[in-house]
Amino acid sequence: KPTWFKAETRVARNTAVQDMMSVVPSSGVSTAASSCCSRGSSAPTPAGRRGQSALGAAEGRIEDWQGRLATVRQSGLQDLASVKASLESVFDTTTRWQHNVKDADRKAELAWVELQDGVRERLRVLELERVRAAGAQAAAAGEAVAGLQGELGLLEELLPDVGGLAAELDQIRDGR
């Protein structure tokens, strides 16, 4: 994981801030001046010397603060760079996923169109086969009807003439 996730970095940063805050005197009197007076020295220090030691101590504290601030700033910049790299990685991954989804959608659409075209083609072939089969059945039925009509004509020739038989029957009834 990036360093900005690590607890040690946060603890180190908090410790540095606490250290900087502890350097600030609570009473407003410099620690160097108060330590000078609390040493038990009975001789008063000249005002100029006391000012110089307080100024030196303040400059030392300022340099210490500047160092600590530079460390905190450097740590912050590292954390920022880490976050930026992580976000760039997430962005790149998201972009790849979007492209993959678009490609998958396009492929699925093409597959769907191919499936529809295949079904339409199969239905067209089945329709043509049905039309051909119906045509063949109609032709076969026509041939069968023609054959039956021919046989019927032959049977009619074999049958006696109904009109002639009726005339004979009438003659037999009339006794002639």
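Residues numbered from 1 in each chain as written. Predicted model: local features only at pLDDT ≥ 70, side-chain atom pairs only at ≥ 80, totals over all residues. Heavy atoms only, no water.

Visitor: Teacher, can you tell me more about the overall build of the protein here?
Guide: Counting its secondary structure elements, the protein contains four helices and zero strands. Each of the 176 residues in the protein was classed as buried or not, and the buried ones make up 7%. When contacts within the protein are restricted to residue pairs at least 6 apart in sequence, long-range pairs at least 24 apart make up 85% of them. (Helix = DSSP H or I, 4+ residues; strand = E, 2+ residues; numbered from the N terminus. Buried < 20%, exposed > 50% of the residue type's maximum accessible area, 1.4 Å probe, protein only. Contact = heavy atoms within 4.5 Å.)

Visitor: I'm lost on the confidence of the model for the protein in this one. Help?
Guide: Low-confidence regions, as indicated by low pLDDT, have predicted coordinates that should not be scrutinised in detail. Mean pLDDT over the protein stands at 79; residues scoring 70 or higher make up 70%. Per-element mean pLDDT across the protein ranges from 43 in helix H2 (residues 31–38) up to 91 in helix H3 (residues 47–158). Scored below 50 in pLDDT, residues 4–8 makes seven contacts in the model with residues more than four places away or belonging to other chains. Confidence drops under a pLDDT of 50 for residues 23–44, and excluding neighbours within four residues, the segment shows 14 contacts in the predicted structure. (pLDDT = per-residue confidence, 0-100.)

Visitor: I would appreciate a short explanation of a nonpolar patch on the surface in the present structure.
Guide: A contiguous nonpolar patch, built from Trp112, Leu115, Val119, Leu123 and Leu126 and spanning about 490 Å² of accessible area, is present on the exposed surface. Examined against the element boundaries, Leu126 turns out to sit in helix H3. (Patch = residues over 30% accessible without salt bridge, like charges linked within 9 Å, V, L, I, M, F, W, Y side chains within 5 Å. Areas by Shrake-Rupley, 256 points an atom, 1.4 Å probe, with all protein chains shown as cover. Salt bridge = Lys/Arg side-chain N within 4 Å of Asp/Glu carboxyl O.)

Visitor: Would you explain the pattern of salt bridges in this entry?
Guide: If the charged atoms of two oppositely charged side chains come close together, the side chains can form a pair. For the structure on display, the rule yields four salt bridges. Note that Arg130 is salt-bridged to Glu127, the shortest N-O span being 2.7 Å. Highlighted residues: Arg130 and Glu127, both in helix H3, separated by three residues, approximately one helical turn.

Visitor: How should I be thinking about helix H4 (residues 162–174) in this particular structure?
Guide: The α-helix advances 3.6 residues per turn, and as a result positions three or four apart in sequence lie on the same side. With 13 residues, H4 should reach 18 Å at 1.5 Å per residue; the first-to-last C-alpha distance of 18 Å fits that figure. Backbone geometry just downstream of H4 places Gly175 in the positive-phi region, at approximately 80 degrees. (Expected span 1.5 Å × (residues − 1).)

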